[in-house]
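Residues per chain, in single letters:
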Amino acid sequence: MTCDFCYRRCDIAEGGYGICRSRAVKDGKLLSPHYSELCSAALDPVEKKPLYHFHPGTKTLSIAEEGCNFFCSFCQNYEISRHHKEHVCIDEDTIVDIALNEGAPSISYTYSEPIVWQDYMLSVAAKAKGKGLMNIMVSNGSFSDESIKRILPFIDAYNIDLKGDERFYNGIVKASAIPVRKGIEKISNYGSHLEVTTMIIEGIHNEGMIREIGRFLSDAGVKVWHLTRFFPSYMMDDRKETSEAYLTRMYEVARQCNIPYIYRGNSISHDDTICPNCGTKIDRYVTNGVCNHCNAVIYGEFI
Ligand code: SF4
């Protein structure tokens, strides 16, 4: 049987699992054996996703089932990307109630890869929407054509990782950038709130790669790009962390790519939001989404 949750479209035989090990075939049925088993739940500032232009200053209830369809050597969440952590089963209504009781206006599907547990995500998201909550997806963006269609109506905001060029994906992620780029274009065309993150590994991400990614993002209409510092992790724990100076070099290249809002992350730099029209500094936490100097619209949803 064929799973259509992500671009890999695994053909799964009776008794077998897909590449992500989140989908299986049992008794002639394609199913998610870990449905609703949460390995992580926390109340986070929405900026931690990172989303800087989507209701800044609010909390979001972050949840994750285990599982991922990528094999990044640098995985920063490897403990939950494969199935070996403790979990608790929590049904959809309880998740929505927790968010409401905690005063969080949104639920985030994050930490691992929600594409591989999208059945549970969509079920929670539909109930959350019914109660006036917003939904946020933090994802590697490797949707199938079918899954992006299913997901778009339910998710209000996305942070999608665009990790590098095709060579980087083939070598270090054991995946492809092509479906990720397609996913970014589809989200942008649909008009959902979208921010993109690229983690910079010193000596691997170079100026040419950043320029090429920047060109693609600009053409796709992406407005917010986060460049974050790599720290040693998982199979790349023997590599040096990316220096602030290297991150800043890549940031300066990114600033030439015609993307209006660029931020450094995991960094001592705290980049301000600047009006792309007149250069005035915008206070993200008090703005109504319009520059108070020139009246230009600031991309995003603000309180
Ligand atoms: S989610 Fe992707 S990797 Fe997992 S079984 Fe389905 S197609 Fe395969």
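Residues numbered from 1 in each chain as written. Predicted model: local features only at pLDDT ≥ 70, side-chain atom pairs only at ≥ 80, totals over all residues.

Caption draft 1: Looking closely at the pairing of strand E6 (residues 106–109). Side chains Ser 106 and Ser 108 of E6 all project onto a buried face; the interleaved residues Ile 107 and Tyr 109 project onto the opposite face, where all are buried too. Where strand E4 (residues 59–65) and E6 come together, four bridges link them in parallel fashion. In the sheet register, Leu 61 faces E6, and the bridge partner there is Ile 107. Looking at chain direction, E6 and strand E7 (residues 134–139) are connected through four bridges and run parallel. (Buried ≥ 20, exposed ≤ 12 C-beta atoms within 10 Å, placed from the backbone. Helix = DSSP H or I, 4+ residues; strand = E, 2+ residues; numbered from the N terminus. Pairing = 2+ DSSP bridges.)

Caption draft 2: Region of interest: the environment of Phe 230. Within the secondary structure, Phe 230 sits in the loop between strand E10 (224–229) and helix H8 (244–254). When neighbours within four sequence positions are excluded, Phe 230 is seen to be in contact with Phe 74, Met 199, Ile 200, Ile 201, Glu 202, Glu 241 and Thr 242. (Contact = placed C-beta atoms within 7 Å.)

Caption draft 3: Geometry of the site of the ligand. Lining the immediate surroundings of the ligand are 13 residues, of which Cys 3, Cys 6, Cys 10, Gly 18 and Cys 20 lie closest. Here the residues of the shell around the ligand are counted per class, giving seven nonpolar, three polar and three charged. (Near = placed C-beta within 6 Å. Nonpolar A, V, L, I, M, F, W, Y, C, P; charged D, E, K, R; others polar.)

Caption draft 4: Molecular detail of the packing of helix H2 (residues 92–102) against helix H3 (residues 118–130). H3 packs onto H2 with a crossing angle of 50° between their chain directions and a minimal axis gap of 9 Å. Classed by the angle they form, the pair H2 and H3 counts as oblique. At the point where H2 passes H3, the crossing takes the right-handed sense. From H2, Glu 92, Asp 93, Ile 95, Val 96 and Ala 99 reach across to H3, where they touch Ser 123, Val 124, Lys 127 and Ala 128. The residue makeup of the contact of H2 with H3, split by class, is five nonpolar, one polar and three charged. (Axes fitted to C-alpha atoms, helices over the stretch in contact; angles between N-to-C directions. Parallel < 35°, antiparallel > 145°, perpendicular 65-115°, else oblique. Left-handed = near helix turned anticlockwise from the far one by under 90°.)

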